[in-house]
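Here is what each chain is made of, one letter per residue.
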Amino acid sequence: MRRPKLKKASKRVSCAKRYKIQKKVREHNRKLRKEAKKKGVSKRVKKDPGVPSSAPFKEEVLREAEQRRLQIEAEKEKKKQAKKEERAQKRKREKEAASKGTEPKAKKARQNENGKQQTAPDRNSKHFLCSELNKVIDASDVVIEVLDARDPLGCRCPQLEEAVLQRDGNKKLLLVLNKIDLVPKGNVERWIQCLQQEFPVVAFKASTYIQDKTLQTKKSRIMPSNTVLDKSRGAACFGNSCLTELLTSYASKTESEALLKVGVVGFPNVGKSSLINSMKGFLACNAGVKRGITKSMQEVHILNNVKLIDSPGIVASPSNPPASMALRSLQVEEGNESVLEAVRTLLKQCDKTQIMLQYNIPDFRNSLEFLTVLAKKRGYLQKGGVPNTEQAAMVFLNEWTGVKLSYHCRVPENHSLPAYLSDNVVAEMQKGWDLTKVKTGNEETLKGVKFPSQASSISFISQGPTAGLLRVCDISEEQPDTGSTDKEEDQNHKPEHTVEESVTVDETNEPPLKKKPAQVQFQSVPIDISLSAPTTDDAYDFNTDFK
C-alpha cells in the first residue's frame, strides 16, 4: 500500500545522537535525586506507624481518630452537595430566562401544527378521492375514460359517464382501449366496433419502460442486443400519434384560444398514468403495478395547446359483484378483503383447464390447493419449506390487474344503449371528432401490435359495468350487498368447466374468508380394522400358533 505524502518532517535521528540524549537525561535525573537527598526531600510518603500496642488507652485513641475522620468526610460531602444544588439552580434560572423570549413563538408553532393536522385531509380516504375526481371532471373540456381491453365493459362506470354528460360546458367523452397487446386481435376489433356505437374509441398500447428524464443514462459505444428486444415489446408505444393528432385537431376547432384541458379518468390500474407518460415521452406521473398510486390530480402539458390532467382511480361501490370488486376496487390494499378470497372469486369466473395450461400446474380441487401448487412451483416458501400462499395470491392478483396476464371477455351480441344515453346524445358526443382519422389510426395501431393467440388467452366472464361512487353522500349510503342476486348471476354465467364445480363440500359451506388466512382441512377416512377383512399374502397369521 502506498504511503500518503507526509507534510511534517521526519523525527528520525541517528543512533549516536539518540544515545547521547538518553545519557544526558540519566545524568540530569541522577543530579536531581542527589540534591533532593541532601535537602531531605523524598517523594515517598511515610507510612503512619499508628498507635503502639504498649500505649495506654489505645482503644479510646483509635475511636477518637475514627470519629474525626468520619466528621471530615461528612463535611466534605455536605460542601459537595451544596455546590451541586447551586449549579442546578443556576442552570434552572438560565433556562427560564431563555424560554421567556421563545415561549410565544413555540406556542404559536404548536398551534399552527395542530391546526394543520386537523385541517389536512386524509389522502387515502374515499371522500378525498371523490373530491379530487370531481375536480378533474369540472376542470376538463374533454374527459378520456381509460378502459382495460381485457374487460372493457367491466371498466366502464355508468355514474361517471352520466356525470360528464350532465355537467355544464358541453364536455366531450372519449374512450381509450388500453392494454390491447394482452388480448387477441379479433376480440379487440369486435370491442372497438361495439363501443364505437356510443362514443369514439381509440386503441392504445402504453409503454412500460418509461424512464425519468432527470436520470442520465450511461453512454456506451456498444449497444446490447437486449435493448432492441425490449423496445420492440415493452418500450414500444402504439396509438400515441393517433390520440395526439385527434386532440390537436379538436383543440384547433374550438373557438377559445385557451388550453384544451383533457381529464384522464378510470378505475385503478387501467393505465391512466402510463398513458400520460407515453404521450409525454418521459416519466411525468408515478405509475406501477401497485393499485392506487395516484392520490390527487396532476396537470401535465404535452403540447402548446393541450394539457392532460391525471386523476385518482374511481372508488368502486360495495354493491358490485365480488369479481368486479376484486379487480376494480382497493379492498385488498385497504385490508377490507382477504387476498385469498379475491383469488377464489377470480378463479370461479374462469375455465379451469385454461388456468391449468396458463400456469402449467396439475389439476386442483380448490383455490387453496391452486395457490399451494403455485407457491411451490415459483419458490414462494416460508421457513421449513411451507408454501407461502399469501405471497402467491398477491402475485396472482397483480398479474390479473397488471400488464402480464392475457385474458379476454366476450363481446355482447345484443347491444343496447344505456338509460342515460340516447341517439341525440351519441350524435352530440361524436360531433367535432374526425372519425375517419380515428378509424385509420386504429387500423395502423392494430397492424403494429403483436397480439397473443386465442388459445393462450384465458376466457373470462365479465360482470358488466362497475358502479362507482362520485359523491361524498353516496359513500355512507352504500353498503355491501351479499344477497342472492350475485349467486343467481354466477349460476347464470357459469362456464362449462369452472373451478367452482371442483370445490369440495367443506369449502362451499364455510363462511366467506375475510382477514383470515385459509387453512387446510383434513377429512378423516374410515379404516376397516375388523378381523374379517381380507389379508394380503405376505401378512403373518398369528392364529396358526394357537390352534
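Residues numbered from 1 in each chain as written. Predicted model: local features only at pLDDT ≥ 70, side-chain atom pairs only at ≥ 80, totals over all residues. Heavy atoms only, no water.

A few words now on the overall build of the protein chain. Counting its regular elements, the protein chain contains 19 helices and 10 strands. Buried positions account for 35% of the 547 residues belonging to the protein chain. A separation of at least 24 residues holds for 78% of the contacts in the protein chain among residues at least 6 apart in sequence. Only carbon and sulfur atoms are counted for the fraction: they give 51% of the accessible area of the protein chain, which is about 36500 Å². (Helix = DSSP H or I, 4+ residues; strand = E, 2+ residues; numbered from the N terminus. Buried < 20%, exposed > 50% of the residue type's maximum accessible area, 1.4 Å probe, protein only. Contact = heavy atoms within 4.5 Å. Areas by Shrake-Rupley, 256 points an atom, 1.4 Å probe, with all protein chains shown as cover.)

Next up on the list: the packing of aromatic side chains. Aromatic rings in a pair are described by how distant their centres are and how their planes are angled relative to each other. Counted by the stated rule, this structure contains 9 aromatic pairs. For the ring pair Tyr359 and Phe370, a centre distance of 5.7 Å and an interplane angle of 85 degrees mean the geometry is edge-to-face. Taken as a pair, Tyr359 in helix H12 (residues 352-359) and Phe370 in helix H13 (residues 367-378) lie far apart in primary sequence, 11 residues in all. When sorted by exposure, Tyr359 lands in the same class as Phe370, which is buried. Ring-pair connections join several aromatic residues into one group, and the members of that group are Tyr359, Phe364, Phe370, Phe396, Trp400, Tyr407 and Phe460. (Phe/Tyr/Trp six-rings, centres within 6.5 Å; stacked < 30°, edge-to-face > 60°.)

Our focus in this paragraph is the pattern of salt bridges. Inspection of the entire model under this criterion finds 15 salt bridges. For Asp148, the salt bridge goes to Arg150, with nearest N and O atoms at 3.0 Å. We note that Asp148, like Arg150, is buried. The network of salt bridges with common partners includes Glu66, Arg69 and Glu73. (Salt bridge = Lys/Arg side-chain N within 4 Å of Asp/Glu carboxyl O.)

Turning our attention to the packing of helix H7 (residues 240-253) against helix H16 (residues 435-448). Orientation of H7 relative to H16, taken along the N-to-C sense of each, is 170 degrees, at an axis distance of 9 Å. On the basis of their axis angle, the class for H7 and H16 is roughly antiparallel. Together, Cys242, Glu245, Leu246 and Ser249 of H7 and Lys437, Val438, Gly441 and Asn442 of H16 make up the contact between the two elements. Per-class residue counts for the contact of H7 with H16 are 3 nonpolar, 3 polar and 2 charged. (Axes fitted to C-alpha atoms, helices over the stretch in contact; angles between N-to-C directions. Parallel < 35°, antiparallel > 145°, perpendicular 65-115°, else oblique. Nonpolar A, V, L, I, M, F, W, Y, C, P; charged D, E, K, R; others polar.)

Here we take up H13. With 12 residues, H13 extends 16 Å from end C-alpha to end C-alpha; this agrees with the ideal 16 Å at 1.5 Å per step. Looking only at H13, the buried set comprises Ser367, Leu368, Phe370, Leu371, Leu374 and Ala375. Considered in projection along H13, the buried side chains sweep an arc of 155 degrees and stay on one side of the axis. For H13, the N-terminal cap is Asn366; the gap from its side-chain oxygen to the backbone nitrogen of Leu368 is 3.3 Å. Looking one or two residues past H13, Gly379 carries a phi angle of roughly 85 degrees, positive in sign. (Expected span 1.5 Å × (residues − 1). Arc of directions from axis to C-beta. Polar contact = N/O pair within 3.5 Å; in protein donor to acceptor, adjacent residues only side chain to side chain.)

This part takes up the pairing of strand E2 (residues 172-178). Counting buried positions along E2 gives 7 out of 7 residues, so the element sits mostly inside the fold. Residues Lys172, Leu174, Val176 and Asn178 of E2 are buried on one face, and the alternating residues Leu173, Leu175 and Leu177, pointing to the opposite face, are buried as well. The sheet contact formed by strand E1 (residues 142-148) and E2 spans 7 bridges and is parallel. Looking at the pairing, Asp148 lines up with Asn178 of E2. Regarding topology, helix H4 (residues 158-166) serves as the crossover connection from E1 to the parallel E2, and that connection is right-handed. Pairing geometry for E2 and strand E3 (residues 201-203), over 3 bridges, is parallel. In the strand pairing of E3, Leu175 is matched with Val201. What joins E2 to E3 is helix H5 (residues 185-195), and the crossover it makes is right-handed. (Pairing = 2+ DSSP bridges. Right-handed = clockwise from strand over helix to strand, strands pointing away.)

Quick look at unusual backbone geometry now. A positive phi angle is found at Lys179, which is not glycine, with a value near 60 degrees. Summarising the element assignment, Lys179 is placed in the loop between E2 and H5. With relative accessibility at 5%, the residue Lys179 sits in the buried group.

It is worth spelling out the state of the cysteines at this point. For the coordinates displayed, the defined rule picks out 0 disulfides. As a non-bridged cysteine, Cys409 has Cys155 as the owner of its nearest cysteine sulfur, 8.8 Å distant. In this structure Cys409 comes out as buried when scored by relative accessible area, which is 0%. (Disulfide = S-S within 2.5 Å.)

This next bit is on a negative patch on the surface. Together, Glu189, Glu245, Glu443 and Glu444 give the surface a local cluster of negative charge. Along the polypeptide, Glu443 turns up in helix H16. (Patch = residues over 30% accessible without salt bridge, like charges linked within 9 Å, V, L, I, M, F, W, Y side chains within 5 Å. Lys, Arg positive; Asp, Glu negative; His and termini not counted. Charge placed at Lys NZ, Arg CZ, Asp CG, Glu CD.)

When you tally the buried positions in strand E6 (residues 306-310), you get 5 out of 5 residues, the bulk of the element. Where burial is concerned, the two faces of E6 agree: the one with Val306, Leu308 and Asp310 and the one with Lys307 and Ile309 are both buried. Taken together, the 5 bridges between strand E4 (residues 260-265) and E6 define a ladder with parallel strand orientation. Across the sheet, Val264 pairs through a bridge with Asp310, a residue of E6. Here 4 bridges tie strand E5 (residues 298-301) to E6, and the two strands are oriented antiparallel to one another.

Take the sheet that holds E2 next. On the basis of which strands lie adjacent, the open sheet formed by 6 strands has the order E3-E2-E1-E4-E6-E5 and mixed pairing. Each edge of the open sheet carries a strand with a single partner, namely E3 and E5. Along the sheet, successive strands turn relative to each other by an average axial angle of 25 degrees, direction set aside. Sheet topology note: the E1/E4 ladder contains 4 bridges and is parallel. Pairing of Glu145 across the sheet is with Val265, part of E4.

With that settled, consider the confidence of the model for the protein chain. Looking at the protein chain, the pLDDT average stands at 78 and 73% of residues meet or exceed 70. No element of the protein chain has a lower mean pLDDT than helix H19 (residues 505-509), at 41, and none a higher one than helix H1 (residues 15-39), at 93. With pLDDT under 50 throughout, residues 226-231 is counted as low confidence; its partners more than four residues away or in other chains account for 3 contacts. Of the regions scoring below 50 in pLDDT, residues 479-496 engages in 21 contacts with residues more than four places distant in sequence or in other chains. (pLDDT = per-residue confidence, 0-100.)

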